[in-house]
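So the chains spell out like this:
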Amino acid sequence: MSENRREFFRVNFNQALNGKISIYGGNFLPVEIYDVSAGGLVFSSALDIPLGESVRCSFEILDSAFLLEGSIVRKATGVDIVDCGVEFSVDQGTSSELFKQLNHYQIRQRKSFLSE
């Protein structure tokens, strides 16, 4: 029996979210975000960002904008794209707000799926 080691539930998006990532405190660059939890996210980019690098992630869920800091903890390199896993470094209030929005999103996602 496999054990889920995740601390937070993760929402996978039917279509990637358009987000932005800032590295080295520089300009924000567009990325595609595939899943988000209150503890982190996974995005794809043409950039090969080193493990441990600090990043700022900007995205919207249900009209709520988030700007969260984190670091690259995992990556998988493809032909022209790199999938990166980010672990957030956020306070309890921000984490709770993100959790709430993800929960609302997931409920809407399920209702939409059930009504098809």
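How each quantity is defined
- Residues numbered from 1 in each chain as written.
- Predicted model: local features only at pLDDT ≥ 70, side-chain atom pairs only at ≥ 80, totals over all residues.
- Heavy atoms only, no water.
- Helix = DSSP H or I, 4+ residues; strand = E, 2+ residues; numbered from the N terminus.
- Rg over C-alpha atoms; globule rule 2.2 N^0.38 Å.
- Buried < 20%, exposed > 50% of the residue type's maximum accessible area, 1.4 Å probe, protein only.
- Contact = heavy atoms within 4.5 Å.
- Phe/Tyr/Trp six-rings, centres within 6.5 Å; stacked < 30°, edge-to-face > 60°.
- Salt bridge = Lys/Arg side-chain N within 4 Å of Asp/Glu carboxyl O.
- Pairing = 2+ DSSP bridges.
- Axes fitted to C-alpha atoms, helices over the stretch in contact; angles between N-to-C directions.
- Core = buried A, V, L, I, M, F, W, Y, C linked by side-chain atoms within 4.5 Å.
- pLDDT = per-residue confidence, 0-100.

Colleague: Would you mind going over the overall build of the protein with me for this structure?
Modeller: Check the secondary structure of the protein and you find one helix and six strands. Across the protein, helices and strands are ordered from the amino to the carboxyl terminus as β-β-β-β-β-β-α. For 116 residues, the compact-globule estimate of 2.2 N^0.38 gives 13 Å, and the protein sits close to it at 14 Å. Overall size of the protein, expressed as C-alpha extent along the three principal axes, is 40 × 35 × 30 Å. Within the span of the protein, comprising 116 residues, buried residues form 36% of the whole. Relative to all contacts within the protein whose residues are 6 or more apart in sequence, the contacts with residues 24 or more apart total 54%.

Colleague: Whenever I open this one, the packing of aromatic side chains confuses me. Can you help?
Modeller: Here a ring pair, both rings aromatic, is described through the centre-centre distance and the interplanar angle of the planes. Within the structure shown, the criterion is met by two aromatic pairs. The interplanar angle of 75° and the centroid separation of 5.1 Å between the aromatic rings of Phe13 and Tyr105 together place this pair among those described as edge-to-face. In this pair, Phe13 is assigned in strand S1 (residues 10-23) and Tyr105 in helix H1 (residues 92-115), connecting sequence segments 92 residues apart. Both residues of the pair, Phe13 and Tyr105, belong to the buried class.

Colleague: Would you mind going over the pattern of salt bridges with me for this structure?
Modeller: Note that side chains of opposite charge can pair when their charged atoms are close. A complete count under the given rule lists three salt bridges for this structure. Of the charged contacts in the structure, one is a salt bridge between Arg10 and Asp35, with a shortest N-O distance of 2.4 Å. Of this pair, Arg10 sits in strand S1 while Asp35 sits in strand S2 (residues 28-37), and the two are 25 residues apart along the sequence. Given the relative accessible area of 11%, Asp35 is considered buried.

Colleague: How do you make sense of the environment of Gly78 when you look at a structure like this?
Modeller: With respect to the element layout, Gly78 can be found in the loop between strand S5 (64-77) and strand S6 (82-88). Judged by relative accessible area, Gly78 falls into the partly exposed class, the value being 39%.

Colleague: Would you mind going over the sheet that holds S2 with me for this structure?
Modeller: Strand pairing in a sheet relies on backbone hydrogen bonds. The paired strands run either parallel or antiparallel. The antiparallel closed barrel is built from six strands, whose spatial order is S1-S2-S3-S6-S5-S4. Neighbour-to-neighbour, the strand axes of the sheet open up by a mean angle of 45°, direction not taken into account.

Colleague: Got a minute to help me understand the nonpolar core in this structure?
Modeller: Nonpolar side chains in soluble globular proteins generally cluster together in the buried interior. In terms of nonpolar packing, the biggest core is built from 25 residues, with Ile33, Val36, Leu41, Phe43, Phe59, Ile61 and Leu98 touching the most fellow members. Elements supplying a minimum of two residues to this core: S1, S2, strand S3 (40-45), strand S4 (54-61), S5, S6 and H1. No other element matches S1, which puts five residues into this core. If we skip the residues at most four places from it in the chain, Ile61 touches Phe13, Leu17, Val36, Leu98, Gln101, Leu102 and Tyr105.

Colleague: Would you take a moment to explain the confidence of the model for the protein for this structure?
Modeller: Chain-level statistics for the protein give a pLDDT mean of 86 and a share of 91% at 70 or above. Looking at the elements of the protein, mean pLDDT is at its lowest for H1, recorded as 82, and at its highest for S6, recorded as 95.

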